[in-house]
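Topology and contacts: notes
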Amino acid sequence: MLKKELLEILACPQCKGPVELTVGEDFIVCRACKLLYAIRDNIPIMLLDEAKPLTENNP
């Protein structure tokens, strides 16, 4: 689980806007860009190349 302090300083690498955890806490989401960033071993992978598009089927 990511610490609240870390989440507060993270920003979307594309728009530099705020990000939030998904309900399952397995992704970080940028609602503005509609992108999901994976979290692996409690490390957020904030790379545009690895981001997934946010759809209705995922958080």
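Reference entry: report on the structure contained in this document.

Cut-offs used in this document
- Residues numbered from 1 in each chain as written.
- Predicted model: local features only at pLDDT ≥ 70, side-chain atom pairs only at ≥ 80, totals over all residues.
- Heavy atoms only, no water.
- Core = buried A, V, L, I, M, F, W, Y, C linked by side-chain atoms within 4.5 Å.
- Buried < 20%, exposed > 50% of the residue type's maximum accessible area, 1.4 Å probe, protein only.
- Helix = DSSP H or I, 4+ residues; strand = E, 2+ residues; numbered from the N terminus.
- Contact = heavy atoms within 4.5 Å.
- Pairing = 2+ DSSP bridges.

**Quick notes on the nonpolar core**
- Core analysis: the largest hydrophobic core is formed by 13 residues, its most contacted members being Cys12, Val19, Ile28, Cys30 and Tyr37.
- Of all elements in the fold, only strand E2 (27–30) and strand E3 (35–40) reach the threshold of two or more residues within this core.
- The element that contributes the greatest number of residues to this core is E3, accounting for three residues.
- The contact partners of Cys30, leaving out residues within four places of it in the chain, are Cys12, Cys15, Pro18, Val19, Leu35 and Tyr37.
- Grouped together as the second largest cluster of nonpolar side chains are five residues, Phe27, Val29, Ala38 and Leu54 included.

**So, the pairing of E2**
- Burial along E2 is two-sided: Phe27 and Val29 facing one way and Ile28 and Cys30 facing the other are all buried.
- In this structure, strand E1 (residues 20–21) lies alongside E2, joined through two bridges in antiparallel fashion. Its bridge partner being in E2, Leu21 is matched across the sheet by Ile28.
- From the end of E1 to the start of E2, which pair antiparallel, there are five residues, and Glu25 there has a positive phi angle of about 55°.
- Looking at chain direction, E2 and E3 are connected through four bridges and run antiparallel. Note on E3: the bridge partner recorded for Phe27 is Ala38.
- The antiparallel pairing of E2 with E3 creates a hairpin that spans four residues between the two strands, and Lys34 there sits at a positive phi of about 60°.

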